[in-house]
Every structure is written in C-alpha cells, then in structure tokens.
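Overview (structure and organization)
So the chains spell out like this:
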Amino acid sequence: MKIIDAKVIVCSPGRNFVTLKITTDDGLSGIGDATLNGRELSVASYLTDHVIPCLIGRDAHQVEDIWQYLYRGAYWRRGPVTMTAIAAVDTALWDIKAKAAGMPLYQLLGGKSRTGVMVYGHANGAGIDETVEQVLHYKKLGYKAIRAQSGVPGLEKVYGVGRGTLFYEPADSSLPSEHDWSTERYLLHTPKLFAAVREAVGPDVHLLHDVHHRLTPIEAARLGKALEPYHLFWMEDATPAENQESFRLIRQHTTTPLAVGEIFNSIWDCKDLIQHQLIDYIRTTVVHAGGITQLRRIADFAGMYQVRTGSHGATDLSPVCMGAALHFDLWVPNFGIQEYMRHTDETDAVFPHAYTFEDGFLHPGDAPGHGVDIDEALAARYPYKPAYLPVNRLAHDGTLWHW
Ligand SMILES: O=C(O)[C@@H](O)[C@@H](O)[C@H](O)[C@H](O)CO
Ligand SMILES: [Mg+2]
C-alpha cells in the first residue's frame, strides 16, 4: 500500500486549521490534524517542503517505521512544529490502516475499555454569578464535568472568559491582543468563585479549573490549598512546566489533583512529572504530541504511576484531532477525562464526523478509520486568516507575563 500523494489543506471555517491528507495507490486516503494555534503556516511549510517529498513511495502500513524515520531522521528532535507535523502524518496513517482493516480505529488499538468518553465543558462568565449560571447550564445539558473560569474584579480581560457561551476562541486578533494580570486579585477571587459554584451545583458534578501557567509554585500551592474544600477534579497548568521539578513544591502542599501537558510535545516533557508522581493527569494530545504512536507510549508510562489521561481538546484542535483522540480515549486503560469545546457550525460542516455527544459522553462512532473527513470544496471557501493568541502583562507595571 504505497503512498502516492500527500497534501496540506489550510482553511479557516470560523478559525484556522491545517490538515494533512495522504492517499495510497489502492485508493484509500486518510487525514491528520496539523494545527498549531498562531503558528499554523510553519507546520504547513514543514510538511509541504520537508516531509511530503520523503513520504511518497513509502508503505503506508509502516506507521511505526515512518514515525521513527521522521523523528530520528530529521536529526532535530522534538519541538512543537516538528512534533505537530509528525502527528499529522501518524494520524493520517492510522486512519488509512483502520480503513484498510474495515474497522474503527479503537479496535486496532485494542478495543473498547469503556462505554463512552467522559468530557468536560467550559463554563465562562464575566463574574461569579454569570459563571455559576453557565455551570448550571452545562449541568442541564448533561455534562458530568465542567470547567469554571471567571473574570476577576479589577482586571479587564482574563483567560478563559469568552465572547460566546458554547464557543471560546482565544486567537481573536490579527496581531496579539494584550491582557492584564494581577496574581493577588486572582488569588483572592478564585476560592470565592468555587465556593459559589460548588454550593450551586452540588457534590456530584466534577469541577475543573485552568490556571494557564500564571502562578509561581508557592502561589499555586496556596491556591490548591484554598480550593481543597471544593474538591476539584483538577487544577490545570498551575505553573509553567519547563522545569518539571517545580511541581514538587505544589504537590507537597496540597491534595488538589494536578493536570498539565497541553503544550508538551514529547514523552520527555512528561518524564519527571510522571515518574515522581508530581501530577495526576497528563494533558498531551494527538496533534501536538506526535500522534497516536507517541501518545500511546506516554499513556502506558503514565499508567505505571497511576497518572491518568486528560487530553487537551480546545477549539484550535480540529475535529480530526478530536475524532482520533476519542478512539484513543475509548481504548486507553488509564483514561481520566477528555476536554470538549464545541466547534462552530462552519467548522463542523467542513469536517463531517462520526463522533456524537450524549449525556456528558462523546462516542467516536463505528465508521472505519477515525471517522472524520474533510470537505475540500467547502474548505476552499474559507481562506487562512492571520490570528494570534493574546499576550499578558502585569497590571501594575506592564511586565510581560505568562498567557
Ligand atoms: O485548556 C485549554 O483548553 C486551554 O488552555 C486552551 O484554550 C489554550 O489556551 C489554547 O488551546 C491555546 O491554543
Ligand atoms: Mg489549558
């Protein structure tokens, strides 16, 4: 089964997406997500200029060998651009392999380990009342797990507070917009938010919160302790993780479960965090962490330390990534949860998919492959638009901070 063609499709149905499509000589084709938010064209070029020429003529069945060929063969290992490009190839090849077998991808991975994939939705509000209202709305929609983010009094724009209710799109401007930040205001506000949310929603709904790398380890420890009475499912990205050791300090002070990893791109980024049991959930996902092939290794390693998966699933991960992630989630023994932010109707129309939502769970469907396709004619009607993630500055003196 030789690869005879591969191409990159860049489109913007509501937001930018990069998709790789690989075709084989027996007429099968598969697709992979290659979207790297705010840096989309660098991956498109990496694939078109440097990867596709090396793929033509290779046996599409050799998924592992092609992964190693692109990883070791590049000489320059790791990094978000490289690993997103490898992930796109890997996802497309798994899609083809499963189609050739006539099976949904989860069957090739080892079959179902559960009846459905528990997801969490995003409740955002300008203040506590609005956020509580949104949490209750998600509960009514059937969600078993809800992430709560709210504006902070005295700060103009804060991470996680969207424009709409079901869609949250941070890459909102053709040049990076600027947000302001005050750790003290945030630390005073957030425990009040969760006291109100827990009181309103009752004990049974899982609650999550994303700190978006904004605290130092000791500040994160303070927040984790303050949130203990509201028993969160997790506190995410409490501090930047370039230094994996930082999580030890947080861990020593709080029993609030910790999640990290949406910006990781290799198993090496998670190694110390997992083997020293400094986290509870690993958020690496298909598109940014080298595809199904590497994600499976990360999950197996994590399983040895009772760390569970909680894959990133924001709107900048296309439905192609979501489809592949759901097959992975249905199989992976140490599954925790899957993030789910609804895409816009335009995005859903460009990427017809077999996955469905019911009562707080997603189901990948039983179509052969990963079950997601791209309507190329429709995609061509939505050309690429430059869009950047914001940056963050300290409110009192303008120092550039973590966004
Ligand atoms: O947890 C999350 O989903 C976030 O942290 C994302 O919204 C993130 O900001 C974007 O995916 C960045 O591309
Ligand atoms: Mg996050």
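Our subject is the structure listed above.
Description of the structure in this document. Treat the numbers as computed from the prediction; the structure is a model and nothing was measured.

What follows is about the packing of aromatic side chains. Under the definition given, this model contains 13 aromatic pairs. Taking the centre distance of 5.6 Å and the plane angle of 85 degrees together, the rings of Phe-17 and Phe-351 count as edge-to-face. Separated by 334 residues along the polypeptide, Phe-17 in strand 2 (residues 17–24) and Phe-351 in the loop between helix 12 (345–350) and strand 13 (356–358) bring together distant segments of the chain. Residue class for Phe-17 comes out buried when judged on its relative accessible area of 0%. In this structure Phe-351 comes out as buried when scored by relative accessible area, which is 0%. Taken together, the ring pairs in this structure connect Tyr-120, Phe-233, Trp-234 and Tyr-281 into an aromatic cluster. Over the face of the ring belonging to Tyr-69 we find Arg-58, whose NZ or CZ atom lies 3.8 Å from the ring centre.

Within a sheet, neighbouring strands are paired by backbone hydrogen bonds and run either parallel or antiparallel to one another. Overall, mixed pairing links the three strands, which are arranged 6-15-16 in an open sheet. Taken across any chain shown, the strands that pair with only one partner, and hence form the sheet edges, are strand 6 (178–181) and strand 16 (400–401). Taken together, the two bridges between strand 15 (residues 391–394) and strand 16 define a ladder with antiparallel strand orientation. Looking across to strand 16, one finds that Arg-393 is bridged to Leu-400.

What follows deals with the sheet that holds strand 3 (residues 29–33). Ordered by their spatial adjacency, three strands build an open sheet running 1-2-3, and the pairing between neighbours is antiparallel. Looking at which strands have only one partner, the edges of the open sheet turn out to be strand 1 (3–11) and strand 3. Averaged over all pairs of adjacent strands, the angle between their axes in this sheet comes to 20 degrees, without regard to strand direction. The sheet contact formed by strand 1 and strand 2 spans eight bridges and is antiparallel. Residue pairing in the sheet places Val-8 in a bridge with Leu-20 of strand 2. The strands touched by helix 1 (residues 40–55) are strand 1 and strand 2; relative to strand 1, the strand with the most contacts, the crossing angle is about 175 degrees.

Our next topic: the side chain of Thr-24. By the element assignment, Thr-24 lies in strand 2. Polar contacts involving the side chain of Thr-24 include one to the side chain of Asp-26, which spans 2.5 Å. Beyond its immediate stretch of four places on either side in the chain, Thr-24 contacts Met-1, Lys-2, Ile-3, Ile-4, Ala-60 and Ile-96.

This part takes up the pattern of salt bridges. All chains considered together, the criterion is met by 15 salt bridges. Across the pair Arg-248 and Glu-245 runs a salt bridge, and its minimum N-O distance is 3.1 Å. Across the pair Arg-283 and Glu-339 runs a salt bridge whose closest N-O atoms are separated by 3.0 Å. On the criterion of sequence distance, the pair formed by Arg-283 in the loop between strand 10 (281–282) and helix 10 (291–303) and Glu-339 in strand 12 (residues 335–339) is long-range, its members being 56 residues apart. According to the relative accessible area criterion, Glu-339 is buried, its value standing at 2%. Here the salt bridges do not stand alone but share partners, grouping Glu-236, Glu-262, Arg-283 and Glu-339 into one network.

Conventions adopted
Residues numbered from 1 in each chain as written. Chains lettered and ligands numbered in written order. Predicted model: local features only at pLDDT ≥ 70, side-chain atom pairs only at ≥ 80, totals over all residues. Heavy atoms only, no water. Phe/Tyr/Trp six-rings, centres within 6.5 Å; stacked < 30°, edge-to-face > 60°. Helix = DSSP H or I, 4+ residues; strand = E, 2+ residues; numbered from the N terminus. Buried < 20%, exposed > 50% of the residue type's maximum accessible area, 1.4 Å probe, protein only. Lys NZ or Arg CZ within 6 Å of the ring centre and 35° of its normal. Pairing = 2+ DSSP bridges. Axes fitted to C-alpha atoms, helices over the stretch in contact; angles between N-to-C directions. Contact = heavy atoms within 4.5 Å. Polar contact = N/O pair within 3.5 Å; in protein donor to acceptor, adjacent residues only side chain to side chain. Salt bridge = Lys/Arg side-chain N within 4 Å of Asp/Glu carboxyl O.

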